[in-house]
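# Secondary and tertiary structure notes
What follows is each chain in one-letter form.
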Amino acid sequence: MSLPLDHITVFEMAGLAPAPFAGLIMADFGANVIRIDRSKGFNADVLTRNKRSIALDLKNPVAIKTLLELFKTADVLLDPFRPGVMEKLGLGPDILLKQNPKLIYARLSGFGQTGPNSQVAGHDINYLAISGALNMIGRQGENPFFPVNILADFAGGGLMCVMGILMALMERSKSGKGQIIDANLTAGSSYLATFPYLMQKHGLVWEGERGSNMLDGGAHFYETYRTKDDQFMAVGAIEPQFYAVLLEKLNLNNDESLPNQLDKEAWPEMKTMFQSIFASKTQQEWCLIFDGSDACVTPVLSFTDPIPNTNRMAEAPSPAPQLSRTPAKVLEVVDKESSPPFLNVGENSVEILKEFGIGSDRIKKLLSSSALVDSSSKSKL
């Protein structure tokens, strides 16, 4: 079966989080993703599904010359380094686009390729902070709270990068030309916050301080509640018709003393009431009550929890979205006791070079000079 990206070759310079996730998405949907590993060191990346590895000593001019040859027919290059690193290696976009005008050179960085912070180190929490998004997340009167590293690294970084690559591929089909993509995590995280930013700017949903608004923890009808068995239920009954179902399931629909749903002054009192009610039953009991209703109430599950009232477990992350005619590759079921899905450094070095037309004699010289490392026991020259 043909896959959407099975005609695309992607080279991914080995890194962590955003770039590997971008490569993972493209590999899941059929791209030939080749990760370029350093010849020394251990791979700690688990986002290696459907990828292959070639290991080269990037300090060796012969290895750089080999990469230049490989990149002549590449469609996409993923650069996860700080600005200037690839240029120092002799692999900057000016050189690569000159020899391969169709190349899409995707650069992932924290603060962008230019500007005063371009060379500054940072992590997800820092990019969220600078973007303005972190200031919106957290309880009222408490510190801003970061949602692990999902927002900046993976949504604002890796996923935004893939979006840019796909747009560049579409444009290339018309112009025949590649281009450089600046997928910096700060700008990507800011873009993700477009909706709350505009709502706050115009005094709509976000009109008060952090944690006091409808969608950031202020409202009793958009909140998580602890159950009797120390599990949690998530409530998201925003629309009046859904809120009415919620009150019915909580046996509050006949209480005429209840305030209006959107009476903000009553939200703290209503939240206290809801906390007491949800604490009176187990998560399973609440699931039986809300199952199939439009109350917008669901259990808070981990990836290993069984889904209440079914024989299924919560699903592990898998390729999305689903395409009807050319879906992503089917995931193999991995035994829970097995080791993480690390890709051995240099596992496919010889195999890849041969695919790109590099002869056995030259490969032997690369191996003997330590410019290339191949860790596969199956490689044949």
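The structure under discussion appears in the preceding block.
Small disclaimer: the values here were computed from a predicted structure and weren't measured.

## A short note on the environment of N60
Among the secondary structure elements, N60 is positioned in the loop between β3 (51-56) and α2 (61-70). The spatial distance from the C-alpha of N60 to the C-alpha of L151 is 37 Å, given a sequence separation of 91 residues. Not counting the four nearest positions on each side in its chain, N60 is found in contact with S369 and A371.

## Overview of the side chain of R52
Locating R52 in the fold gives a position in strand β3. For R52, the side chain forms a polar contact with the side chain of N32, separated by 3.0 Å. Every residue in contact with R52, bar those within four places of it in the chain, is listed here: N32, V33, I34, R35, L343, N348, E351, I352 and E355.

## Quick notes on the side chain of D75
Inspection of the secondary structure assignment puts D75 in the loop between α2 and β4 (76-79). For D75, the side chain forms a polar contact with the main-chain nitrogen of T9, separated by 2.8 Å. Setting aside its immediate chain neighbours within four residues, D75 contacts H7, I8, T9, K102, L103, I104 and R172.

## So, the pattern of salt bridges
Applying the stated criterion across every chain yields a total of 13 salt bridges. A salt bridge links K271 to E223, with the nearest nitrogen and oxygen atoms 2.9 Å apart. Taken together, the residues K271 in helix α10 (residues 267-278) and E223 in strand β7 (residues 222-226) connect sequence positions 48 residues apart. For the residue pair K271 and E223, the accessibility class agrees, reading buried in each case. Through salt bridges with shared partners, one network takes in R35, D37 and D45.

Each value, and the rule that gives it
- Position numbers for residues count from 1 along each chain, tracking the sequence in the order it is written.
- Only residues with pLDDT of at least 70 get local features here, since the model is predicted, and only at 80 or more are side-chain atom pairs given and counted; chain-wide, interface and lining totals rely on the full set of residues.
- With hydrogens and water stripped out, all remaining heavy atoms of the structure feed into the side-chain values.
- Helix and strand assignments come from DSSP, with helices taken as H or I runs of at least 4 residues and strands as E runs of at least 2, each series counted from the N terminus.
- Throughout, a residue-residue contact means that at least one pair of heavy atoms, one from each residue, lies within 4.5 Å.
- Think of a polar contact as two N or O atoms within 3.5 Å of one another; within protein, one of them needs to be a possible hydrogen donor and the other a possible acceptor, and neighboring residues in sequence only count if both atoms come from side chains.
- Whenever Lys or Arg places a side-chain nitrogen within 4 Å of a carboxyl oxygen from Asp or Glu, that contact is recorded as a salt bridge.
- The buried label goes to any residue with under 20% of its type's maximum accessible area, the exposed label to any with over 50%, and the partly exposed label to all in between, with areas taken from a 1.4 Å probe on protein chains only.

So far we have only geometry, and geometry alone does not tell us how the molecule works.
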